[in-house]
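The chain contents come next:
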Amino acid sequence: MHVEEFIPNTPQKKIGEGSVGFTSPSNIALVKYWGKKPHQIPANPSISFTLNNCKTETFLRYTPKTSDGFSFEVYLDGKKQPEFRPKIEQFFERISIYSPFLANFHFDIETTNTFPHSSGIASSASGMSALAMCIVALEALVYEDSDAQFLKRKASFLARLGSGSACRSIEGGFVVWGAHSSILGSSDLEGVAFPFEVHEVFKDYQDAILLVDKGEKQVSSSVGHNLMHNHPFAKERFQQAHDHLDALIPILKSGDLNAFIHIIEREALTLHAMMMSSDPYFILMKPNTLKVINTLWSFRKETQIPICFTLDAGANVHVLYPKRYATEVEQFIQNKLSGYCQNGQYILDHVGKGVEPIKI
Ligand code: 2P0
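Bear in mind that the values here come from a model prediction, so they are computed numbers and not experimental data.

Q: Give a detailed account of the packing of helix α6 (residues 234–254) against helix α7 (residues 257–276), specifying residues and quantitative values.
A: As a packed pair, α6 and α7 sit with axes 10 Å apart at the nearest point and diverge in direction by 160°. If you check the angle between α6 and α7, you find them roughly antiparallel. α7 is crossed by α6, and the crossing has left-handed handedness. Only A259, F260, I263, I264, R266, E267, T270 and M274 of α7 make contact with α6, whose side of the interface consists of R237, Q240, A241, H244, A247, L248, I251 and L252. For the contact of α6 with α7, a count of residues per class yields 10 nonpolar, 3 polar and 3 charged.

Printed below as a string of structure tokens:
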């Protein structure tokens, strides 16, 4: 499957060496992407909000070359990372039809993350979206293309081919990825800004990421996605994601926090229920994940403060809450929840703006 719109059809301009740089944030899914078809097509639509503080900063330094094939080195915090090469090689292969100039340069890809190394926070969304944005910035030079809107769309399209959830990190705020009948412009190929009204309460929603377990996951997301093929509950799950997204449209507009909480927590637990009912089955939550959830539920009942949790494909817990309760919730996290975190560590984050260029 090739998507003509993203294949350049103008001659390449010869350019000398140089570099481009972008920061790109991670994002947290509210309706989850879990299950995919070939060519990184999601089995169901998802919606996330883009974070602000958990970011990857990437510089792409390019030098023209004449030899065949891809040539690149990857550095994390200034140190060469040969183990990142296969994923990037695969990414370059997947996108080379859309970015045919890649073989004409040697690249030094220099990257750093703002979140703690090995924190169990997925860096693939921020890392792949930052790299995709750098590639598109180089494309703008090679093809003298200055259509900023198109270039951002293309960055999301390319990022998806690197890691599905990465396509939701280009835009800020709420982002939808995957075709949904109620959302005009939604697409399986790229993330698009949620096109409807969003209530003030959600515009600066808070996400405290509790680092319950910082170790390497026992089952990767790629394996997890694959286990949704022939999963006994797959059809119902994919339909549920469509229904949840439908239900979220009026909730995001009205600011109905009880209805929001109900959907967000149900999504998180369904994601993990899918893992637990796969064949082979697996569990990514840890005992402290459940302790956090139960403690959070008790706090919500006692205080009536509308906080809730969501989960990624791991043991860490994302605690979501409106900004006006930040003082009480952050005290609660420090006093009652940080004890369930490895080394007491958590990260305070909130809705952010998406990719940004780094001035060089
Ligand atoms: C999401 N996750 O919607 C879901 C929820 C994890 C749980 O997208 O194979 O790293 O690179 O396309 O994007 C994690 O999967 O998978 C993910 P690939 P990705 O955020």
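Q: Any details on the nonpolar core? Residues and values, ideally.
A: If you look at the biggest cluster of nonpolar residues, it comprises 41 residues, and the most contacted ones within it are L60, F92, F107, I109, I135 and L138. For this core, the secondary-structure elements that each account for two or more residues are β1 (18–31), β4 (46–64), β5 (71–76), α1 (85–95), β7 (105–113), α2 (124–142) and α3 (148–162). Here this core gets 11 residues from one element, more than from any other, and that element is α2. Residues contacting F107, with those up to four places away along its chain left out, are L60, R61, Y62, S71, F72, E73, F92, L102 and L138. Membership of the second largest hydrophobic core comes to 35 residues, among which are I28, I121, V176 and F194.

Q: Give me the lowdown on the site of the ligand, citing residues and values where you can.
A: Around the ligand sit 16 residues in total, of which K36, S163, G164, S165 and R168 are the nearest. At 2.8 Å, a side-chain N or O of Y33 approaches an oxygen atom of the ligand. At a separation of 2.7 Å, an oxygen atom of the ligand approaches a polar side-chain atom of R168. When the ligand is considered free in solution it has 470 Å² of accessible area, and contact with the protein chains removes 92% of it.

Calculation criteria
- Residues numbered from 1 in each chain as written.
- Predicted model: local features only at pLDDT ≥ 70, side-chain atom pairs only at ≥ 80, totals over all residues.
- Heavy atoms only, no water.
- Axes fitted to C-alpha atoms, helices over the stretch in contact; angles between N-to-C directions.
- Helix = DSSP H or I, 4+ residues; strand = E, 2+ residues; numbered from the N terminus.
- Parallel < 35°, antiparallel > 145°, perpendicular 65-115°, else oblique.
- Left-handed = near helix turned anticlockwise from the far one by under 90°.
- Contact = heavy atoms within 4.5 Å.
- Nonpolar A, V, L, I, M, F, W, Y, C, P; charged D, E, K, R; others polar.
- Core = buried A, V, L, I, M, F, W, Y, C linked by side-chain atoms within 4.5 Å.
- Buried < 20%, exposed > 50% of the residue type's maximum accessible area, 1.4 Å probe, protein only.
- Near = heavy atom within 4 Å.
- Polar contact = N/O pair within 3.5 Å; in protein donor to acceptor, adjacent residues only side chain to side chain.
- Areas by Shrake-Rupley, 256 points an atom, 1.4 Å probe, with all protein chains shown as cover.

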